[in-house]
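Topology and contacts: notes
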Amino acid sequence: MSIPEIVYYVLALALCVFFALLKKWNEVRYSRKGIPPGTMGWPIFGETAGFLKQGPDFMKSKRARYGNLFKSHALGSPVIISMDPELNRYILKNEAKGLVPGYPVSMRNILGNSNIAEVHGALHKRIRGSILSFIGPAAIRDHLLPEVNKFMRSFLDNWAGKTVDIQDKTKQMAFFVSMKLIVENEPSPFHEAFKATFDNIVSGTFSLPIKIPGTNYFRGLQTRKKVVATLKEVLAKRRSSSATHADILDQLMRSEDFKYKLNDEEIIDQIITFLYSGYETVSTTTMMAVKYLHDYPRVLEKVREEHFAIQQRKRPEDLVSWDDYKDMVYTRAVIFETLRFANIVNGVLRKTTEDVELNGFTIPQGWRVYVYTRETNYDPILYPEPLNFNPSRWLEKGLESHNHNMLFGAGGRLCPGKELGSVIISIFLRYFVTKYRWEADGNELLKFPRVEAPNGLHIRVAEYTITRKES
Ligand code: HEM
């Protein structure tokens, strides 16, 4: 062996030893008595690459090695991952025991310090009570349902003969319907301008908090500034006028109920959070429901039957009433089955405010806890034949309220938009399936870290003539 070759091998060996020691150091750094088993990967980066690239397979292989509760380091923080449905429920129901929401810093800075996920205890109760008073079932029945209905009727007009990207369309739908409910009287250019920038907010919340021009995070923060300025202008305009409006902003501003009264900063943060929370969840669920209804024609037939039966007892100009909505039981089942089958929500994040004991292990203060619910969606005991798209399973009493069903979360943070989200998707489907039939192209779909069609999901839409003659 020549001298340069020897130097080369020594250097290579030294590098291997260095990296092995670095990894070992990272393991030692986070090892404490009583912590769940697992590995922490590289300093700073942890196991983020494996977590993002392999997604569900990463989780499954870890579970096979360490069981349902294990440690890792991902997305910049040490994290405990729980795949145990009972424990997941316990975590979500015990916020007061030091298990508060633990969403990334970028999310907090872009959605605002008063956004509901950032507040706990009495303040959380007050903000949540306020939100529920304007998007809960009573508000939907009395004000929101007719507005959603009018919006959907015009949104879904005139699609026949066109090829549309249903991903894009459902995003527009989810955004504009929320805007309409929040600020009903602003002209459409205002809504359009808001939508154009809102995607920056979404991508900013999912990025590393690096505040350098050109990064998604930076763009998200800049957009937040603009959005806050615009909303302040709207608040000032409304305060200087005696006119009242039948929308959520008016209710927030004029709430006389001291218990739920919010200041301007809190109002603005709730509006941004409201738009944000109902945006991707509602649009992706609607997109995937359209896809599954196409792939499962017998399910589509049943949904159509349900809507035509409701339509038959009404005049064409009548809006959907609360009772009509309550009769859309099979459509509701399709929505729940879509949430389960497509795994729209993989899980939710918590962080510990003190050392917390879980299943006999100690979770150190300041660690994140990933309540991973995805696997439960395919639990054959809870959902027999889980790989079948079978909405009828949701017609069985008790499944929607089953302890392990966490499609909308659980405990004190259970989604306050659950009913409104279901109404929006149901009314969309009501017009879509009764007016149109559609053909889908085989566009690529990604399922992790979130469900999306990277190149759009294109469908060719035609009028649903046969059934319309029958009705
Ligand atoms: C299919 C639609 C939806 C799904 C699957 C969904 C899912 C969820 C989940 C899983 C959580 C729990 C988060 C956690 O525990 O950290 C949640 C919370 C929340 N959702 Fe939804 N959501 C949907 C629609 C909506 C809509 C339409 C709105 C608003 C209009 C909304 C507003 C919220 C808010 C404000 C929270 C935070 C509640 C709190 O911290 O107390 N969601 N949602």
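In the nomenclature of an unreviewed UniProt entry, the chain is known as Cytochrome P450 of Crotalaria pallida. According to UniProt, the comment filed for the chain under the heading Subcellular location (unreviewed entry) is "Membrane".

Focus on the overall build of the chain
On a plain count of helices and strands, the chain comes out with 18 helices and 10 strands. Against the 2.2 N^0.38 benchmark of 23 Å for 471 residues, the chain shows a C-alpha radius of gyration of 25 Å, consistent with a compact globule. Each principal axis of the C-alpha atoms in the chain carries an extent, and together these give about 90 × 55 × 45 Å. Out of the 471 residues in the chain, the part that is buried amounts to 35%. Across the chain, the fraction of contacts at a sequence separation of at least 24, relative to all contacts at a separation of at least 6, is 71%.

Digging into the UniProt feature "binding site: heme" (unreviewed entry) in the chain
Here, the residues flagged by UniProt with the feature "binding site: heme" (unreviewed entry) are Cys415. Position of cysteine 415 among the secondary structure elements: in the loop between β8 (368–372) and α17 (418–435). If near-sequence neighbours (up to four positions away) are discounted, cysteine 415 is found in contact with Phe408 and Gly409.

Focus on the nonpolar core
Within the largest apolar cluster, 95 residues are counted, with the highest numbers of intra-cluster contacts made by Val148, Ile271 and Ile424. When residues no more than four places from it in sequence are discounted, the contact partners of valine 148 are Val177, Val423, Ile424 and Ile427.

Observations concerning the site of the ligand
Every one of the 26 residues lining the ligand counts as a neighbour, but Ser277, Gly278, Gly409, Cys415 and Gly417 are closest to it. Listed by contribution, the elements that provide at least two residues to the shell around the ligand are α6 (121–135), α12 (264–277), α13 (280–295) and α17. A per-class count over the shell around the ligand returns 16 nonpolar, 8 polar and 2 charged.

So, the pairing of strand β1 (residues 69–74)
For a regular strand, the rule is simple: side chains alternate between the two faces of the sheet. The buried fraction of β1 is high, at 6 of 6 residues. Burial of the side chains of β1 extends over both faces: Leu69, Lys71 and His73 are buried on one face and Phe70, Ser72 and Ala74 on the other. Here β1 pairs with strand β2 (residues 77–82) via 6 bridges, running antiparallel. Opposite serine 72, over in β2, you have valine 79 as the bridge partner. Count of turn residues in the β1/β2 antiparallel hairpin: 2 residues, of which leucine 75 carries a positive phi of about 50°.

Looking at the environment of asparagine 158
With respect to the helices and strands, the residue asparagine 158 is situated in the loop between α7 (137–155) and β4 (163–165). In this structure asparagine 158 comes out as exposed when scored by C-beta crowding, with 10 C-beta atoms within 10 Å. Taking the C-alpha atoms as reference points, asparagine 158 and glutamate 463, separated by 305 residues in sequence, lie 9.2 Å from one another.

Here's the deal with the UniProt feature "transmembrane region" (unreviewed entry) in the chain
Under the UniProt annotation, the feature "transmembrane region" (unreviewed entry) is placed at residues 6–22. Within the segment residues 6–22, helix and strand shares are 100% and 0% respectively, and the terminal C-alpha atoms sit 24 Å apart.

Here we look at the pairing of β8
For β8, a buried count of 5 out of 5 residues is recorded, marking the element as mostly surrounded by other parts of the structure. Alternating positions in β8 separate into two faces, Arg368, Tyr370 and Tyr372 on one and Val369 and Val371 on the other, with burial throughout. Across 4 bridges, the pairing between β2 and β8 is parallel. Within β8, the position partnered with serine 82 by the bridge is valine 371. Pairing between strand β5 (residues 347–352) and β8: 5 bridges, direction antiparallel.

Basis of the calculations
- Per chain, residue numbering runs from 1 following the sequence as it is written.
- For a predicted model such as this one, the threshold for reporting local features is a pLDDT of at least 70, and the threshold for listing and counting side-chain atom pairs is 80 or more; totals across whole chains, interfaces and linings nevertheless cover every residue.
- UniProt positions are given in the numbering used here, feature names are shortened, and annotations may be inferred rather than shown by experiment.
- Helix and strand definitions here come from DSSP, where helices need a minimum of 4 consecutive H or I residues and strands a minimum of 2 consecutive E residues; each element is numbered from the N-terminal end.
- Radius of gyration: C-alpha atoms only; globule rule: 2.2 Å multiplied by the number of residues to the exponent 0.38.
- Three exposure classes are used, all based on how many other C-beta atoms lie within 10 Å of a residue's own C-beta (placed from the backbone): buried at 20 or more, exposed at 12 or fewer, and partly exposed between those limits.
- Note that contacts rest on C-beta atoms placed from the backbone: two residues are in contact if these are within 7 Å.
- Each nonpolar core consists of buried Ala, Val, Leu, Ile, Met, Phe, Trp, Tyr and Cys residues. Their C-beta atoms, within 7 Å, join them into a set.
- In this analysis, residues qualify as near a molecule or strand once their C-beta atom, positioned from backbone atoms, comes within 6 Å of it.
- Note on residue categories: nonpolar means Ala, Val, Leu, Ile, Met, Phe, Trp, Tyr, Cys or Pro, charged means Asp, Glu, Lys or Arg, and polar means any other residue, Gly included.
- One requirement defines pairing of two strands: DSSP has to find at least two bridges between them.

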